[in-house]
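Descriptive structure summary
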Amino acid sequence: MIDLYTSPTPNGHKASIALEEMEIPYDVRPVNILGGDQFQPEFVKISPNSKIPTIVDRDEDNFAVFESGAILIYLAEKCGRFLPTDLRGRSRTIQWLMFQIGGVGPMMGQANVFFRYMPEKIEVAISRYQNECRRLFEVLDAQLGRTEWLAGDEYTIADMANWAWVRTHNWSGVSVDGLENLQRWRTTMGERPACRRGVEIPVKLPDLTSDNADKMAEEFAKNARNIVQK
């Protein structure tokens, strides 16, 4: 049994999507990051960087794993699915996983900060991060024009990780217009029952990018601002 410490963020959803896809039994331990739960000593003990998600594997003497990419690899190896075992297939999967960890996630995160959260709108910073996100999306689109899934013909943890972020492109203010391969993949991912369940863990969020959600979006951004300015 896995204990999943998480919040409703793209990185948190990476872990819950994986657990749903892998059909690994787990209990959800919500972490209120707006309230500062991530800084509590009992959480820091299992997540030294005070970030979600973190898992604790009760079947392995309460072994803790932090960092979302490391969690995906650990779970895939635990269940023997979604991470190829041949040298090249494993490498391709990890390459596209690292692409998300080192590129898509950080750049979209910074786009969120400057586009949504900071009270002062610094246009050069907004453009910088949104343009880089769009460039990264174009890299994904090109790859998905060559293969069905990011790492080839097989659905892997690389798809789970990237989709958890790409699906939130509107919140970052980044268009996917003209990226037909990316849109095809994004739609296919969104139709997977495990993906739909995973993005509702620990709670289902309202669509903050819809036309009638301006007030909710502003409140969410205000709360998030308290975190990014610490």
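Quick summary incoming for the structure in this document.

Scoring rules and cut-offs
- Residues numbered from 1 in each chain as written.
- Predicted model: local features only at pLDDT ≥ 70, side-chain atom pairs only at ≥ 80, totals over all residues.
- Heavy atoms only, no water.
- Helix = DSSP H or I, 4+ residues; strand = E, 2+ residues; numbered from the N terminus.
- Rg over C-alpha atoms; globule rule 2.2 N^0.38 Å.
- Contact = heavy atoms within 4.5 Å.
- Phe/Tyr/Trp six-rings, centres within 6.5 Å; stacked < 30°, edge-to-face > 60°.
- Buried < 20%, exposed > 50% of the residue type's maximum accessible area, 1.4 Å probe, protein only.
- Pairing = 2+ DSSP bridges.
- Right-handed = clockwise from strand over helix to strand, strands pointing away.
- Axes fitted to C-alpha atoms, helices over the stretch in contact; angles between N-to-C directions.
- Parallel < 35°, antiparallel > 145°, perpendicular 65-115°, else oblique.
- Nonpolar A, V, L, I, M, F, W, Y, C, P; charged D, E, K, R; others polar.
- Expected span 1.5 Å × (residues − 1).
- Salt bridge = Lys/Arg side-chain N within 4 Å of Asp/Glu carboxyl O.

1. Considerations on the overall build of the protein chain
From N to C terminus, the protein chain includes ten helices and four strands. For the protein chain, the sequential pattern of α-helices and β-strands runs β-α-β-α-β-β-α-α-α-α-α-α-α-α. Radius of gyration (C-alpha) of the protein chain: 17 Å, near the 17 Å computed for a compact globule of 230 residues. Dimensions of the protein chain, computed from C-alpha atoms along their principal axes, come out at roughly 45 × 45 × 25 Å. Partitioning the contacts of the protein chain with sequence separation of at least 6, the portion at a separation of at least 24 is 69%.

2. A word on the packing of aromatic side chains
Here the structure, examined in full by the defined rule, presents seven aromatic pairs. Note on Tyr 5 and Phe 43: the rings are 6.2 Å apart at their centroids and 55° apart in plane angle, and the pair reads as tilted. With Tyr 5 in strand 1 (residues 2-6) and Phe 43 in helix 2 (residues 41-44), the pair connects residues that are 38 residues apart, well separated along the chain. With relative accessibility at 22%, the residue Tyr 5 sits in the partly exposed group. Taking the centre distance of 5.7 Å and the plane angle of 85° together, the rings of Phe 82 and Tyr 155 count as edge-to-face.

3. Focus: the pairing of strand 2 (residues 26-30)
Regular strands show a simple pattern: their side chains alternate between the two faces of the sheet. In this sheet, strand 2 lies alongside strand 1 in parallel orientation, the contact comprising five bridges. The residue bridging Leu 4 from the neighbouring strand is Val 28, located in strand 2. In the classification by handedness, the crossover that spans strand 1, the intervening helix 1 (residues 10-22) and the parallel strand 2 is right-handed.

4. A few points about the sheet that holds strand 3 (residues 54-57)
Reading across the sheet, the four strands line up as 2-1-3-4 and stay open at both edges, with mixed pairing between neighbours. With one partner strand each, in any of the chains shown, strand 2 and strand 4 (63-66) form the two edges of the open sheet. If you compare each strand with its neighbour and ignore which way they point, the axes differ by 20° on average. Two strands pair when backbone bridges link them, and strand 3 and strand 4 are joined in this way by four bridges, in the antiparallel orientation. Across the sheet, Ile 55 pairs through a bridge with Val 65, a residue of strand 4. The strands that helix 1 touches are strand 1 and strand 2; relative to strand 1, the one it contacts most, it runs at about 155°. Running over the sheet, helix 3 (residues 68-79) touches strand 1, strand 3 and strand 4 and is turned about 130° from strand 4.

5. So, the packing of helix 5 (residues 123-146) against helix 8 (residues 180-190)
Relative to each other, helix 5 and helix 8 sit at 80°, their axes nearing to 7 Å. By the criterion of interaxial angle, the relationship of helix 5 to helix 8 is roughly perpendicular. Together, Phe 137, Leu 140, Asp 141, Leu 144 and Gly 145 of helix 5 and Glu 180, Asn 181, Leu 182, Arg 184 and Trp 185 of helix 8 make up the contact between the two elements. When its residues are assigned to classes, the contact of helix 5 with helix 8 shows five nonpolar, two polar and three charged.

6. Quick look at helix 5
The terminal C-alpha atoms of helix 5, which comprises 24 residues, lie 35 Å apart, in line with the 34 Å expected from a rise of 1.5 Å per residue. Inspection of helix 5 places Ala 125, Ile 126, Tyr 129, Gln 130, Glu 132, Cys 133, Leu 136, Phe 137, Leu 140, Asp 141, Gln 143 and Leu 144 among the buried residues, and these make up the whole buried set. Where helix 5 is buried, its residues touch helix 4 (87-117), helix 6 (157-166), helix 7 (169-172) and helix 8.

7. Quick word on helix 1
Helical periodicity: at 3.6 residues per turn, an α-helix aligns residues three or four positions apart in one direction. Across its 13 residues, helix 1 extends 18 Å between first and last C-alpha, which sits within 8% of the 18 Å expected from 1.5 Å per residue. Burial analysis of helix 1 places twelve of its 13 residues in the buried class, the great majority of the element. Contacts from the buried residues of helix 1 go to strand 1, strand 2, helix 3, helix 4, helix 6 and helix 9 (193-198). Phi for Glu 23, located one or two positions after helix 1, is positive at around 60°.

8. A word on the pattern of salt bridges
The full count for this structure, using the stated rule, is twelve salt bridges. Across the salt bridge formed by Glu 200 and Lys 204, the nearest N and O atoms sit 3.9 Å from each other. A cluster of three or more residues bridged by salt bridges with shared partners is formed by Asp 3, Asp 27, Arg 29 and Arg 58.

9. Section: unusual backbone geometry
Between Ile 52 and the following residue, Pro 53, the backbone shows a cis peptide bond with an omega angle of 0°. Inspection of the secondary structure puts Pro 53 in the loop between helix 2 and strand 3. Cis geometry is adopted by the peptide bond preceding Pro 202, which originates at Ile 201 and carries an omega value of 0°. Here Pro 202 lies in the loop between helix 9 and helix 10 (214-228). For Glu 23, which is not glycine, the phi dihedral falls at a positive 60°.

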